[in-house]
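Geometric and topological summary
What follows is each chain in one-letter form.
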Amino acid sequence: MNFAKGKLLQIIYSCLFIFVFGFPIFLHAQTNYIQTGLKDYDFLDRLEIKTRNQDLYFSNIKPYPRRLTALQLAYADSLAQANSNYGNLTAIDKYNLESELMNHSEFTTHRDYFNSKKPVWNALYKTKSHLLEVNNKDLFLAIDPVVYFAGGKEGDNENALFQNTRGLAVRGMISRKVGFNIYFTDNQESVPRYVNNFITKYDAVPGAGFYKGSNLATKGTVDYFDARGSVTWNVAKFIDMQFGYDKNSLGAGYRSLFLSDFSNAATFFKINTRIWKFDYQNLYFELHPQYNYTGNSLAPRKYARMNYLSMNLNKWLNLGIFEGVSFGRKDHFDFAYLNPVMFLRPAESNAGSADNAMVGFDAKANIAGRIQLYGQLLIDELKVKEVLHSTGWWANKQGIQFGMKYIDVFGLKNVDLQLETNNVRPYTYAHFDSVANYTHYNQPLAHPLGANFREFIAIIKAQPYKKVYLRATAIYYYQGMDSAGVNFGSNVFSNYNSRPRDYGFSIGDGDKATCTMLQVVASYELAQNLFADITGLFRNYSLASVADKQQTKMVTLSLRWNIGRREYLF
């Protein structure tokens, strides 16, 4: 019997392998994806809101697919060429549009302004966007350096702050059938004190995996690699697949209550189906539970699956449905969850398990070519009777987000405003099984604060000149922290059965922490995708039980190439 079962599983695995890896041989038109954190995302936000182009509504799913993005960029460019008033695009919008077309050269018609005036040795930087670019019918290949050098000072911290990142980004397509991305960096950084405290508390560098921190206590330095990559292919006209090790996120906001890119990259398999007004994504993850990572032993695994269905109801309104489950079984994938059809709860029940499942809803409305309203509702557990009676029942675990983006605010061209609030009740994302909590590599999978908090965010972005980018971010939040060893539901790693009571919980209960942050960034684009930045950060953090406040005042100068800014806004 065991032999027959083993043969059956082997046949299933073989069929899956043939379908997933063999079927693409006969198909075409694959894509690859835009690395998160790059300048592309701010402009694509503006373009979506201004033009109300439904084909750009995939922006809730990140990273963006390069092929679809390029098609819409080319479409917008052609309309702007025919009608100078299209989308009320400003002169700087049109400059950014040309820059974006340059960055997506594998999917756009080559234009003269893509070419460099002075290629290096007539071989390197023949185009402005890429160190090395090969573009013919059999192969597209783009190789770019990834560099981030930064230095700064934090108040009375005797240790200098620095970032030293070197690496490569490679993307390409083979015979227009298979796409691939490779991203690799070697990183050394000295972090501000509050980030040092986070690393010490959770044994994790924000956004990274295994690290060496022998000098963390004395010099605040960490050393780590960031290696990511994926392979993509198209299995039917409307279906793309991707397998890799990278970051994914869901949502239109600055934060996400479903899935964010705050934590480390993860191994994943993605199926994305886009047809008519629907965009349906299946994500299967191999994650790591809470663990003391030494690098000398095999790290344990855990698994998760998420589904997200996005629907364009009309030209201005998009609705989405989310569901996710984190399995409560270490080093074991439950094949009952392989079915790509939604509704995970029945599969969970049939498996006889109590995994950490949740559902969510989101909405996004683009209004009058100037404003976008968006929001998310996450439901970890819900009992309507307890909500209606306002009992503060511990297991009413929900999160809600509201946000607005206002383009060309008050008629000021190229000045955008974003407002957002995030509210998550105690014990949300947590579980009685430490394997099943909603985390990865000692970091939250969704919001970096975890749970039991209320947050308010304001962001102003401006581009007064073609190569000048200004950004100011203000964040205020309060959070109920654990007090005297009592679990008040902020720490998503804690077993929720260790709560002190069943009723009377509200956001902020516990040892109340308040935090105010203000970050101002000025950037100048020296060449295509090469930026010089100056950043100032003020952070004030206090706990009700501690008399002294923790203040951070820091200034950094940086030079970065083909990489987004490193930020610690939590």
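Before any of the text, the structure's been laid out above.
Right, let's walk through the structure included here. (Residues numbered from 1 in each chain as written. Predicted model: local features only at pLDDT ≥ 70, side-chain atom pairs only at ≥ 80, totals over all residues. Heavy atoms only, no water.)

Quick notes on the overall build of the chain
- Looking only at helices and strands, one finds eight helices and 24 strands in the chain.
- Projecting the C-alpha coordinates of the chain onto the three principal axes gives extents of approximately 70 × 70 × 50 Å.
- Burial statistics for the chain: of 570 residues in total, 57% are counted as buried.
- When contacts within the chain are restricted to residue pairs at least 6 apart in sequence, those whose partners lie at least 24 apart make up 65%.
- Split by element, the accessible area of the chain, about 24800 Å² in all, is 62% carbon and sulfur.
- Here the chain carries 61 positive and 49 negative side-chain charges, and the mean point of each set is 3 Å from the other. (Helix = DSSP H or I, 4+ residues; strand = E, 2+ residues; numbered from the N terminus. Buried < 20%, exposed > 50% of the residue type's maximum accessible area, 1.4 Å probe, protein only. Contact = heavy atoms within 4.5 Å. Areas by Shrake-Rupley, 256 points an atom, 1.4 Å probe, with all protein chains shown as cover. Lys, Arg positive; Asp, Glu negative; His and termini not counted. Charge placed at Lys NZ, Arg CZ, Asp CG, Glu CD.)

So, the pattern of salt bridges
- All told, the structure shown has 28 salt bridges when counted by the stated rule.
- Between Arg274 and Asp279 there is a salt bridge, and its shortest N-O distance comes to 3.1 Å. The same class applies to Arg274 and to Asp279, which are both buried.
- The residue Arg565 makes a salt bridge to Glu567 at a minimum N-O spacing of 2.9 Å. (Salt bridge = Lys/Arg side-chain N within 4 Å of Asp/Glu carboxyl O.)

Section: the pairing of strand 24 (residues 550–561)
- When strand 3 (residues 139–154) meets strand 24, the two strands line up antiparallel, connected through eight bridges. Across the sheet, Phe149 pairs through a bridge with Leu559, a residue of strand 24.
- Looking at chain direction, strand 23 (residues 530–543) and strand 24 are connected through twelve bridges and run antiparallel. From the neighbouring strand, Leu530 faces strand 24, where its bridge partner is Trp561.
- With antiparallel pairing between neighbouring strands as the criterion, strand 23 and strand 24 make up a hairpin whose turn holds six residues. (Pairing = 2+ DSSP bridges.)

Some remarks on helix 3 (residues 66–82)
- Taking 1.5 Å of rise per residue, 17 residues should cover 24 Å, and helix 3 covers 24 Å from first to last C-alpha, within 8% of that figure.
- Tucked inside the fold, the buried residues of helix 3 contact helix 2 (40–51), helix 4 (91–103), strand 4 (161–174), strand 7 (221–236), strand 8 (239–246) and strand 10 (266–275). (Expected span 1.5 Å × (residues − 1).)

Describing a positive patch on the surface
- A cluster of basic residues, Lys117, Lys128, Lys466 and Lys467, forms a positive patch at the surface.
- Along the chain, Lys467 falls in the loop between strand 20 (453–465) and strand 21 (468–481). (Patch = residues over 30% accessible without salt bridge, like charges linked within 9 Å, V, L, I, M, F, W, Y side chains within 5 Å.)

Considering the packing of aromatic side chains
- Overall, the coordinates contain 23 aromatic pairs when judged by the stated rule.
- Here Tyr469 and Phe531 contribute two aromatic rings whose centre-to-centre distance is 5.6 Å and whose plane-to-plane angle is 70 degrees, an arrangement assigned as edge-to-face. Of the two residues, Tyr469 sits in strand 21 while Phe531 sits in strand 23, which places them 62 residues apart along the sequence.
- Residue Phe531 is classed as buried on the basis of its relative accessible area, which comes to 5%.
- Grouping aromatic residues by their ring pairs yields a cluster made of Tyr194, Phe198, Tyr202, Phe262, Phe493 and Phe570.
- Above the plane of the ring of Phe505 lies Arg501, whose end atom (NZ or CZ) is 4.4 Å from the centre.
- The lysine or arginine in question, Lys512, covers the ring of Tyr478, its NZ or CZ lying 4.4 Å from the ring centre. (Phe/Tyr/Trp six-rings, centres within 6.5 Å; stacked < 30°, edge-to-face > 60°. Lys NZ or Arg CZ within 6 Å of the ring centre and 35° of its normal.)

Thoughts on the environment of Gly504
- Position of Gly504 relative to the elements: it lies in the loop between strand 21 and strand 22 (511–527).
- For the pair Gly504 and Trp394, spaced 110 residues apart in sequence, the C-alpha to C-alpha distance is 7.6 Å.
- Here Gly504 is in contact with Thr391, Gly392 and Asp509, once residues within four sequence places are set aside.

Some points on the side chain of Asp246
- For Asp246, the position within the fold is in strand 8.
- Accessibility expressed as a relative area gives 15% for Asp246, which makes it buried.
- Here Arg228 takes part through its side chain, which lies 3.4 Å from a polar atom of the side chain of Asp246.
- When residues no more than four places from it in sequence are discounted, the contact partners of Asp246 are Gln35, Arg228, Ala265, Ala266 and Phe268. (Polar contact = N/O pair within 3.5 Å; in protein donor to acceptor, adjacent residues only side chain to side chain.)

Looking at helix 5 (residues 193–202)
- Along helix 5, the residues that are buried comprise Tyr194, Val195, Asn196, Phe198 and Ile199.
- The elements touched by buried residues of helix 5 are strand 6 (211–212), helix 6 (216–219), strand 7, strand 23 and strand 24.
- Downstream of helix 5 by one or two residues, Asp203 has phi in the positive range, about 55 degrees.

Section: the pairing of strand 12 (residues 302–312)
- Most of strand 12 sits out of view: eleven of its eleven residues are buried.
- Residues Lys302, Ala304, Met306, Tyr308, Ser310 and Asn312 line one face of strand 12 and the alternating positions Tyr303, Arg305, Asn307, Leu309 and Met311 line the opposite face, and both faces are buried.
- Pairing geometry for strand 11 (residues 278–287) and strand 12, over ten bridges, is antiparallel. By the bridge assignment, Phe278 is partnered in strand 12 with Met311.
- The loop that links strand 12 with its antiparallel partner strand 13 (residues 317–326) comprises four residues.

Here's the deal with the nonpolar core
- The biggest cluster of nonpolar side chains holds 53 residues, and the ones touching the most others in it are Ile199, Phe285, Met306, Phe322, Tyr429, Tyr438 and Phe570.
- Phe285 has contacts with Asn248, Leu259, Ala266, Thr267, Phe268, Lys302, Tyr303, Ala304 and Met306, leaving out every residue within four places of it along the chain.
- One finds Tyr41, Phe58, Ala80 and Leu97 within the second-largest nonpolar core, a separate group that totals 18 residues. (Core = buried A, V, L, I, M, F, W, Y, C linked by side-chain atoms within 4.5 Å.)

Comments concerning a nonpolar patch on the surface
- Together, Phe149, Tyr524, Leu526 and Leu559 make up a nonpolar patch on the protein surface, roughly 360 Å² of accessible area in all.
- Here Tyr524 lies in strand 22.

Digging into the packing of helix 2 against helix 3
- Between helix 2 and helix 3, the shortest axis-to-axis distance is 12 Å and the interhelical angle comes to 55 degrees. Relative to helix 3, the element helix 2 lies oblique. Crossing of helix 2 against helix 3: the hand is left-handed. On helix 3, the residues touching Phe43, Leu44 and Leu47 of helix 2 are Thr69, Leu73 and Ala76.
- Looking at the contact of helix 2 with helix 3, its residues break down into five nonpolar, one polar and no charged. (Axes fitted to C-alpha atoms, helices over the stretch in contact; angles between N-to-C directions. Parallel < 35°, antiparallel > 145°, perpendicular 65-115°, else oblique. Left-handed = near helix turned anticlockwise from the far one by under 90°. Nonpolar A, V, L, I, M, F, W, Y, C, P; charged D, E, K, R; others polar.)

Some points on the environment of Val170
- Mapped onto the fold, Val170 is located in strand 4.
- By relative accessible area, which is 16% here, Val170 ends up buried.
- Residues Val170 and Pro340, 170 residues apart in the sequence, show an inter-C-alpha distance of 30 Å.
- When residues no more than four places from it in sequence are discounted, the contact partners of Val170 are Leu141, Ala142, Ile143, Phe180, Asn181 and Ile182.

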